[in-house]
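Geometric and topological summary
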Amino acid sequence: MTCYLTDATSADDVYEAKNNGIVAYKLYPAGATTNSSSGVTNFQAVIPTLRAMADAGLLLLVHGEVTDPSVDFFDREKVFIEQKLKPILEKVPDLKVVMEHITTRDAAEFVQQGPETLAASITPQHMLLNRNALFLGGLRPHAFCLPILKREEHRQAVLAAATSACPRFFLGTDSAPHPKHLKTTHNVAAEQQKLIQGKAEDESWLQLQTYQTARVLQRGACPAVQEAACGCAGIYSAPVALALYAHAFEGAGALDRLEAFASLRGADFYGLPRNTSTITLHKEDWTVPAEFEFGDGVVVPMWAGQTLTWQVTAA
């Protein structure tokens, strides 16, 4: 289990967490991604807390992006390494750090060339997709995630790191099942009915959408469906992740390294026992469903409607 690091997290909190079985803290720069509003704003101020984590043997799991609006969106990871992560490693050299879901050549090389206390997790989307996926045939909200997809040169570097023999790269899906309507559209008429019945989850949001609907009606457009004001960041890969990783490793000629990447390296770096149970992947073509039921709605998976050549057949 992990805890959420904030500006207010104290050394005493760290030791209490350790005594209660916590193995790591997650560092979100405030505002960097979904549910990060309570994240760290002052990196210098948390150094004593990070030193306590190193002393207690807890890991730091990092969402490695700066939030400075003057930094190009596609450069946020590179700048984070230079401005935030390097100073942390210099000031707390014994702290074990995982850069989660790395996306760039810069991050891959930084980890490869870094100390044994530094590792990285890698998602299927950052191994298989580049930023073109966001715009193929139009804007593709289901390919939008944070950290955002990067250029092809970065995808290739991340793929090479994942499929290498380096033990400090391992699986981390960052799977995020956002309902389809929060990625694409909202059915305003249905939400208005929920409000009448006292079931709307967010009345202020609905009031805004109702206002926007009125504006659209004035323009003669369809009132029932509106664009989402903010397409949620995240790719839902969980049901197909292992098949996607197998696809990527096979393409790189490194299937023999998939088990270590998926099952061994992460546990070893965390200092946790390796799992003794197994799963079986079978090579057979199948089509990924277009969507899955998700509460009262649906969620669209990565690779929706496309063919994969690997699938989990036993667990």
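Residues numbered from 1 in each chain as written. Predicted model: local features only at pLDDT ≥ 70, side-chain atom pairs only at ≥ 80, totals over all residues. Heavy atoms only, no water.

**Points about the packing of helix α3 (residues 76-91) against helix α4 (residues 105-112)**
Note the threshold: Think of each axis as a best-fit line through the C-alpha atoms, taken over the contacting stretch in the case of a helix, with angles from 0 to 180 degrees between the N-to-C directions. Under the scheme used here, helices are H or I runs from DSSP no shorter than 4 residues and strands are E runs no shorter than 2 residues, and both carry numbers assigned from the N terminus. We call two directions roughly parallel when the angle between them is under 35 degrees, roughly antiparallel when it is over 145, roughly perpendicular when it lies between 65 and 115, and oblique otherwise. The handedness criterion is simple: a crossing whose near helix is rotated anticlockwise from the far helix by less than a right angle is left-handed, and one whose near helix is rotated clockwise is right-handed. In this analysis, two residues are considered to be in contact whenever any of their non-hydrogen atoms come within 4.5 Å of each other.
Running from amino to carboxyl end, α3 crosses α4 at an angle of 25°, the nearest separation of the two axes being 9 Å. When the axis of α3 is compared with that of α4, the two are roughly parallel. The chirality of how α3 crosses α4 is right-handed. The residues of α4 that touch α3, namely those facing E77, K78, I81, L85, K86 and L89, are D106, A107 and F110.

**Considerations on helix α11 (residues 258-270)**
This is how it is decided: An expected span of 1.5 Å times one less than the residue number is assigned to each helix. A residue's bend is given by the angle between axes fitted to the 7 residues ending at it and the 7 residues starting at it. Whether a residue is buried, partly exposed or exposed follows from its accessible area with a 1.4 Å probe, protein chains only, as a fraction of its type maximum: under 20%, in between, or over 50%, in that order.
End to end, α11 covers 18 Å across 13 residues, agreeing with the expected 18 Å (1.5 Å per residue, within 8%). Its axis deflected by about 45° at L264, α11 carries its strongest bend there. Among the residues making up α11, those that are buried are L258, F261, R265, G266, A267 and F269. Taken from the residues just after α11, G271 is the one with a positive phi, measuring 75°.

**Some points on the confidence of the model for the chain**
Basically, it comes down to this: Scored from 0 to 100, pLDDT reflects the predictor's confidence in each residue.
Here the chain shows a mean pLDDT of 88. Residues at 70 or above account for 85%. Across residues 199-226, confidence stays below pLDDT 50; counting only partners more than four residues off in sequence or on other chains, it has 37 contacts.

**Quick notes on the pattern of salt bridges**
Let me state the cut-off plainly: Any Lys or Arg side-chain nitrogen found within 4 Å of a carboxyl oxygen on Asp or Glu counts as a salt bridge.
Following the criterion strictly, the structure yields nine salt bridges and no others. One salt bridge connects E65 with R76, and the closest N-O pair in it is separated by 3.3 Å. Linking E65 in the loop between β3 (59-63) and α3 with R76 in helix α3, this pair joins segments that are 11 residues apart in sequence. For the pair E65 and R76, a shared accessibility class is recorded, and that class is buried. One salt bridge connects K283 with E250, and the closest N-O pair in it is separated by 2.5 Å. Here K283, found in strand β9 (residues 280-287), pairs with E250, found in helix α10 (residues 241-251); they are 33 residues apart in sequence, far enough to count as distant. Overall, E250 belongs to the partly exposed group, its relative accessible area being 27%.

**Re the nonpolar core**
Rules: Throughout, nonpolar core names a set of buried Ala, Val, Leu, Ile, Met, Phe, Trp, Tyr and Cys residues whose side chains join them through atoms within 4.5 Å.
With 69 residues, the main nonpolar core has L50, L60, M99, I122 and M127 as its most contacted residues. Per-element accounting of this core gives the leading share, seven residues, to α10. When neighbours within four sequence positions are excluded, L50 is seen to be in contact with L5, L60, I88, V92 and L95. L59, L61, V98 and F170 belong to the second largest nonpolar core, which has seven residues in total.

**Here we look at the pairing of β3**
Counted only if it meets this: By this definition, two strands are paired if DSSP reports at least two bridges between them. The handedness of a crossover follows from its direction of travel: if, with the strands pointing away from the viewer, the path from the first strand over the helix to the second runs clockwise, the crossover is right-handed.
Burial runs high along β3: five of the five residues are buried. Burial of β3 is two-sided: the residues L59, L61 and H63 facing one way and the residues L60 and V62 facing the other way are all buried. One ladder, built from four bridges, connects strand β2 (residues 24-27) with β3; its direction is parallel. Across the sheet, the residue bridging to K26 is L61, located in β3. Chirality of the crossover, the property in question, places the unit of β2, helix α2 (residues 47-56) and β3 among those that are right-handed. Pairing between β3 and strand β4 (residues 97-100): four bridges, direction parallel. Counterpart to H63 in the pairing with β4 is E100. A crossover connection joins β3 to the parallel β4 through α3; in handedness this β-α-β unit is right-handed.

**Some points on the packing of aromatic side chains**
Under the convention used in this document: Each Phe, Tyr or Trp ring, with Trp reduced to its six-membered ring, pairs with another whose centre is within 6.5 Å; inter-plane angles below 30 degrees give stacked pairs, above 60 give edge-to-face pairs, and intermediate values give tilted ones.
Going through the model one piece at a time under the given rule, you end up with seven aromatic pairs. With a centroid separation of 5.3 Å and 45° between ring planes, the pair formed by Y4 and Y28 is classed as tilted. Within this pair, whereas Y4 is found in strand β1 (residues 2-4), its partner Y28 is found in the loop between β2 and α2, the two being separated by 24 residues in sequence. Given the relative accessible area of 32%, Y4 is considered partly exposed. For Y28, a relative accessible area of 19% corresponds to the buried category. Seen from their ring centres, F249 and F261 are 5.1 Å apart, and the 50° between their planes marks the pair as tilted. Taken as a pair, F249 in helix α10 and F261 in helix α11 lie far apart in primary sequence, 12 residues in all. Each member of the pair, F249 as well as F261, carries the same accessibility label: buried. Among the aromatic residues, ring-to-ring pairing joins F170, F269 and Y270 into one connected group.

**Focus on the packing of helix α1 (residues 11-19) against α2**
The condition is simple: Amino acid classes used here: Ala, Val, Leu, Ile, Met, Phe, Trp, Tyr, Cys and Pro are nonpolar; Asp, Glu, Lys and Arg are charged; the rest, including Gly, are polar.
Running from N to C, α1 and α2 cross one another at 25°; their axes reach a closest spacing of 8 Å. Comparing their axes, α2 and α1 come out roughly parallel. By crossing handedness, the relation of α1 to α2 is classed as right-handed. Facing α1, whose interface residues are A11, V14, Y15 and K18, α2 presents T49, A52, M53, D55 and A56. In terms of residue class, the contact of α1 with α2 is built from six nonpolar, one polar and two charged.

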